[in-house]
Amino acid sequence: MSEAFTKSMARNIFYGGAFFFLLLFLALTFDTINALPKLDNRAALESPVGPQIAKGKHLWEVNNCIGCHTLLGEGAYFAPELGNVYKRYGSNLDAVKGRIKGLISLPAEGIPMRRMPRFKFTDEEIAALAEFLKYASEINTSGWPPNDQG
Ligand code: HEC
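Residues numbered from 1 in each chain as written. Predicted model: local features only at pLDDT ≥ 70, side-chain atom pairs only at ≥ 80, totals over all residues. Heavy atoms only, no water.

S.K.: Would you mind showing me how to read the site of the ligand here?
M.R.: Taken together, the neighbourhood of the ligand is formed by 24 residues, with Cys 65, Cys 68, His 69, Tyr 89 and Met 116 sitting nearest. Within the side chain of Tyr 89, a nitrogen or oxygen atom sits 2.5 Å from an oxygen atom of the ligand. Contact between the ligand and Arg 99: an oxygen atom at 2.7 Å from a side-chain N or O atom of the residue. Those elements giving two or more residues to the shell around the ligand turn out to be α4 (85-88) and α5 (93-104). Broken down by element, the shell around the ligand gets its largest block of residues, three residues, from α5. The class makeup of the residues in the shell around the ligand is 16 nonpolar, four polar and four charged. (Near = heavy atom within 4 Å. Polar contact = N/O pair within 3.5 Å; in protein donor to acceptor, adjacent residues only side chain to side chain. Helix = DSSP H or I, 4+ residues; strand = E, 2+ residues; numbered from the N terminus. Nonpolar A, V, L, I, M, F, W, Y, C, P; charged D, E, K, R; others polar.)

This is the structure:
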């Protein structure tokens, strides 16, 4: 029977398919590697405020902010998303600093039982955290999260 599905036909489909998807995989990998540097806001890290951003990131890590907050969707869901907090406060650094100050002062702002710990930050440290949050908000996330509250 000439229409029989032969072993060599099956082999050709396998090799053809594998080759096609390997090419597709390489093309998409190449595209991602090209696109990433334009999205990750690394220009800010090389700007004069770069060291402040790094200091803010360090404070972010050692104080485990992510134990309560999310940053660009990663983290805990106890407290608001902070990847866009800078935009939420009108893209105004002083407003972000003022908000952090309010949250860690006595008496702290916020709903009782759902408050920020009263971190003992200096003004310099608050400024570094605000710079870090500004930097995070300027990463191009292709519109994620979809609203300012998220
Ligand atoms: C124990 C949990 C907890 C930790 C840890 C924590 N936060 Fe918060 N944070 C909160 C809560 C709860 C709120 C919301 C307060 C409210 O709106 O009443 C908040 C609010 C905020 C806001 C304002 C968000 C908004 O939309 O108004 C900022 C900015 C912020 N936190 C920054 C930080 C930073 C920076 C750190 C780390 C140094 C941190 N938080 C660590 C619980 C936490």
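S.K.: Sorry if this is basic, but what is going on with the coordination of the iron atom of the ligand here?
M.R.: Tetrahedral coordination by four donors places them ideally at 109.5 degrees to one another around the metal; octahedral coordination by six donors ideally gives 90 or 180 degrees. Protein coordination of the iron atom of the ligand is provided by His 69 (NE2) and Met 116 (SD), with donor distances spanning 1.9 Å. Geometry at the iron atom of the ligand is octahedral, judged from its six donor atoms and the angles of 85 to 179° they form at the metal. On the criterion of sequence distance, the pair formed by His 69 in the loop between α3 (50-62) and β1 (70-71) and Met 116 in the loop between α5 and α6 (123-137) is long-range, its members being 47 residues apart. Looking at His 69, the relative accessible area reads 8%, which means it is buried. (Donors = N, O, S within 2.8 Å, 3.2 Å for Na, K, Ca; no water. Tetrahedral: all angles 85-135°; square planar, octahedral: opposite > 155°, others 65-115°. Buried < 20%, exposed > 50% of the residue type's maximum accessible area, 1.4 Å probe, protein only.)

S.K.: Even after reading the chapter, I still don't get the environment of Met 113, so can you show me in this structure?
M.R.: Looking at the secondary structure, you find Met 113 in the loop between α5 and α6. When the C-alpha positions of Met 113 and Tyr 89 are compared, they lie 24 Å apart, and in sequence the two are 24 residues distant.

Nothing here speaks to function; it is geometry throughout.
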